Amino acid sequence: AQWPQNAMEPPRIFPASCEIGGNFARTSEKGKTPAQTMTNARSPAPFYFSGVAFFIPFALSILFADQAAGFLDEGEFVAQARSLGISHPPGQPLPGLLFALASLIPAGSIAFRVAILSGIANALSAIVLFRASEHAAEHAGLDARPPRFTLSLAVALFATVGPAAFIQAIRP
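In short, a report on the structure. (Residues numbered from 1 in each chain as written. Predicted model: local features only at pLDDT ≥ 70, side-chain atom pairs only at ≥ 80, totals over all residues. Heavy atoms only, no water.)

1. Focus on the overall build of the protein chain
Thought 1: For the protein chain, the count of helices and strands is seven helices and zero strands.
Thought 2: Starting at the N terminus, the α and β elements of the protein chain follow one another as α-α-α-α-α-α-α.
Thought 3: Considering only contacts within the protein chain whose residues lie at least 6 apart along the sequence, 60% involve residues at least 24 apart.
Thought 4: Here the protein chain has roughly 11,000 Å² of accessible surface; of this, 70% comes from carbon and sulfur atoms. (Helix = DSSP H or I, 4+ residues; strand = E, 2+ residues; numbered from the N terminus. Contact = heavy atoms within 4.5 Å. Areas by Shrake-Rupley, 256 points an atom, 1.4 Å probe, with all protein chains shown as cover.)

Next up, the structure:
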């Protein structure tokens, strides 16, 4: 780390060519400005990979969602969705509001609707995990696109459809 001249400025951990913002007139590697090197930015994964990462956990959540509240907090969340009340402390206000919105959809029992909303949240997290692992794999040096996308999809699906996360995702 380089220590700055001014005591109020934080130390530089990364080289100047890695900085975001700041002086774009400064040159980075091979005499190009950062704005010129940004044109060679990575291309993200095709959209259908994100669709697969969403669809598989979502479809499995619909198939395995419970129709009735079961053990632990499930009954509290269903009651919170029905009455807009507060479950045990700390109360979970945002999930309670989302569950109340889900309870307005006319499909199955309220417990089923709450479980479907939990499945949607799980499927959305699969997209985030896919994108994050794809980005991490690229920065780790895996430059070949199809293996990087396949590995990232496997990471996202293992994390969201694996037993630990999936059992929690299909409970109301």
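2. Considering the nonpolar core
Thought 1: Counting eight residues, the largest nonpolar core is built from Phe49, Ala53, Ala126, Phe130, Phe149, Leu153, Ala156 and Leu157.
Thought 2: Looking at this core, the elements with two or more residues in it are α2 (47–64), α5 (110–139) and α6 (145–161).
Thought 3: The element best represented in this core is α6, accounting for four residues.
Thought 4: Not counting chain neighbours up to four residues away, the residues in contact with Phe49 comprise Phe130, Phe149 and Leu153. (Core = buried A, V, L, I, M, F, W, Y, C linked by side-chain atoms within 4.5 Å. Buried < 20%, exposed > 50% of the residue type's maximum accessible area, 1.4 Å probe, protein only.)

3. A closer look at the packing of helix α3 (residues 74–83) against helix α4 (residues 93–102)
Thought 1: At a minimum axis distance of 7 Å, the contact between α3 and α4 shows a crossing angle of 65°. What the angle tells us is that α3 and α4 run roughly perpendicular. α3 and α4 meet at a crossing whose hand is right-handed. Contact with α3, carried on its side by Phe77, Gln80 and Ala81, involves Gly96, Phe99 and Ala100 of α4 and no other residues of that element.
Thought 2: Of the residues that constitute the contact of α3 with α4, the class distribution is four nonpolar, two polar and no charged. (Axes fitted to C-alpha atoms, helices over the stretch in contact; angles between N-to-C directions. Parallel < 35°, antiparallel > 145°, perpendicular 65-115°, else oblique. Left-handed = near helix turned anticlockwise from the far one by under 90°. Nonpolar A, V, L, I, M, F, W, Y, C, P; charged D, E, K, R; others polar.)

4. A word on the packing of α3 against α5
Thought 1: At a closest axis distance of 9 Å, the pairing of α3 and α5 adopts a crossing angle of 105°. Judged by the angle between their axes, α3 and α5 are roughly perpendicular. Together, Val78, Ala81 and Arg82 of α3 and Ile110, Ala111 and Val114 of α5 make up the contact between the two elements.
Thought 2: Here the residues of the contact of α3 with α5 sort into five nonpolar, no polar and one charged.

5. Points about a nonpolar patch on the surface
Thought 1: Judged by side-chain polarity, Leu94, Leu98, Leu101 and Leu104 come together as a nonpolar surface patch covering roughly 430 Å² of accessible area.
Thought 2: Within the fold, Leu104 resides in the loop between α4 and α5.
Thought 3: Leu104 sits in the exposed class, given a relative accessible area of 64%. (Patch = residues over 30% accessible without salt bridge, like charges linked within 9 Å, V, L, I, M, F, W, Y side chains within 5 Å. Salt bridge = Lys/Arg side-chain N within 4 Å of Asp/Glu carboxyl O.)

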